[in-house]
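# Structural characterization, general
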Amino acid sequence: MTAHIGAEIAGVDLSRPLPDDVVTAIREALVTWKVIFFRNQSLDHEQHSRFARQFGELTPAHVVFGTKEGLPPEIYPVTKFRVAITRGGEKPRRAWKGWHADVTPAVNPPFATILRGDIIPPHGGDTLWLDMTRAYETLSPVLRGFINHLSCIHRFEPPSGADVSRQYDQRVERAALMAEHPMVVVHPESGKRVLYVNPEFVRNVVGLSPFESDRLLELLYEHALKPEFMVRFRWEPGSVAFWDNRSCLHLATPDIFDLDFDRQLYRVTLMGEPRRGIDGTLSRLVSGSPIAALDAG
């Protein structure tokens, strides 16, 4: 779909068990293109989960907010929702706000996410993905050398200025998810280096002053947000997006909040491992617990 990220795959029925060679081909496409898309798939929750299990173990629906009533324990609904901002709490929106990889405050974030479209508006509500491998490769050699051995603290917390319920706060406090990940990680399958930062969950660069940390992260985010590093997907009912959470970020376009249409998607995430830096350093648990596989124990 672009030079570096995004591919659409046709001729596969995801509702049925897939031959081993097809599973292998899909996984190779995922690693190469970071996010892959399927159209016209008629999946129920059980078929969605069964497709995902062909690529690894499933995580619980959400490690902070748990399972939604009436849904299987691995299915998380992605619903049109925006946290209210308190009066006076609105701040100028930076272009990079909202970009994230899933659950990076965990020491072992999911390796991949599979999202399917159910209720889709006639227009608006697209999703974008950002190639963080290419973002790293296009930094200057001097800057790459500086960040290669740095690490960042990733922490789950409500958005700045958010007016959230006490129940929301309590769930976040109970999970207390915080991890230290290398700023540059080595992809375990492709062997490529990935700029492993995201503005949703990264709080600071370890060892730098707050001023230095903020300026370095802003520089990296501004560099990463180039159109040639992105792919944009127009959802349809029955569309499926399958992305590598180790090598890309994603963002739901906020124009959906300007529309009166509903939007409902369903998500499954696959178990991942601690990230590994270029010198072999592994992610470090700061607080909370590692994600446990849904069927573990």
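Residues numbered from 1 in each chain as written. Predicted model: local features only at pLDDT ≥ 70, side-chain atom pairs only at ≥ 80, totals over all residues. Heavy atoms only, no water.

### Details of the sheet that holds strand 10 (residues 202-205)
Pairing is antiparallel in the open sheet, where four strands are placed in the order 10-6-7-15. Strand pairing shows two members of the sheet lacking a second neighbour, strand 10 and strand 15 (284-287), which therefore form its edges. Across the sheet, the axes of successive neighbouring strands diverge by a mean angle of 25°, strand direction being ignored. With three bridges joining them, strand 6 (residues 151-155) and strand 10 adopt antiparallel strand pairing. Within strand 10, the position partnered with I153 by the bridge is N204. (Pairing = 2+ DSSP bridges. Helix = DSSP H or I, 4+ residues; strand = E, 2+ residues; numbered from the N terminus. Axes fitted to C-alpha atoms, helices over the stretch in contact; angles between N-to-C directions.)

### Some remarks on the pairing of strand 12 (residues 240-244)
For strand 12, a buried count of five out of five residues is recorded, marking the element as mostly surrounded by other parts of the structure. What you see with strand 12 is no split at all: V240, F242 and D244 on one side and A241 and W243 on the other are buried throughout. (Buried < 20%, exposed > 50% of the residue type's maximum accessible area, 1.4 Å probe, protein only.)

### Overview of the sheet that holds strand 13 (residues 248-252)
An order of 11-5-13 is seen for the three strands of this open sheet, with the pairing classed as antiparallel. Of all strands in the sheet, those bounded by a partner on one side alone are strand 11 (230-233) and strand 13. With direction set aside, neighbouring strand axes in the sheet form an average angle of 20°. Where strand 5 (residues 127-131) and strand 13 come together, five bridges link them in antiparallel fashion. If you follow D131 over to strand 13, its bridge partner there is C248.

### Examining helix 6 (residues 210-224)
Every α-helical turn comprises 3.6 residues, leaving residues that sit three or four positions apart pointing alike. With 15 residues, helix 6 extends 21 Å between its outermost C-alpha atoms, agreeing within 8% with the 21 Å of an ideal straight helix rising 1.5 Å per residue. For helix 6, the full list of buried residues reads S213, L216, L217, L220, Y221, H223 and A224. For helix 6, the arc enclosing every buried residue in end-on projection is 160°, short of the 170-degree limit, so these residues lie on one face. Turned more than 90 degrees off the buried face of helix 6, the exposed positions are F211 and E222. (Expected span 1.5 Å × (residues − 1). Arc of directions from axis to C-beta.)

### Things to note about unusual backbone geometry
Phi is positive for K34, close to 70°, though the residue is something other than glycine. Structurally, the position occupied by K34 is in the loop between helix 1 (20-33) and strand 2 (35-38). The buried category is assigned to K34, whose relative accessible area is 8%. The phi dihedral of N40 is positive, around 55°, even though this residue is not glycine. The exposure class assigned to N40 is exposed, which follows from its relative accessible area of 65%.

### Looking at the layout of surface pockets
Each pocket or cavity is described by its volume, and for the second largest pocket that value is around 310 Å³. Looking at the second largest pocket, it is lined by 14 residues, and the ones nearest its centre are P188, R246, E273, P274 and R275. Taken together, the residues of the lining of the second largest pocket sort by class into seven nonpolar, two polar and five charged. (1 Å grid on protein atoms, 1.4 Å probe; cavity = no way out; pocket = protein on both sides within 12 Å on 5 of 7 lines; lining within 4 Å. Points joined across faces, edges and corners; volume = space filled by probe spheres on them. Nonpolar A, V, L, I, M, F, W, Y, C, P; charged D, E, K, R; others polar.)

### Some points on the packing of aromatic side chains
Counted according to the given criterion, the structure contains ten aromatic pairs. Centre to centre, the rings of F156 and F201 are 5.7 Å apart; their planes meet at 25°, and the pair counts as stacked. One end of the pair, F156, is in the loop between strand 6 and helix 5 (166-175); the other, F201, is in the loop between strand 9 (193-195) and strand 10, and 45 residues separate them in sequence. Measuring from ring centre to ring centre gives 5.2 Å for F233 and W235, while their planes differ by 80°; the resulting arrangement is edge-to-face. (Phe/Tyr/Trp six-rings, centres within 6.5 Å; stacked < 30°, edge-to-face > 60°.)

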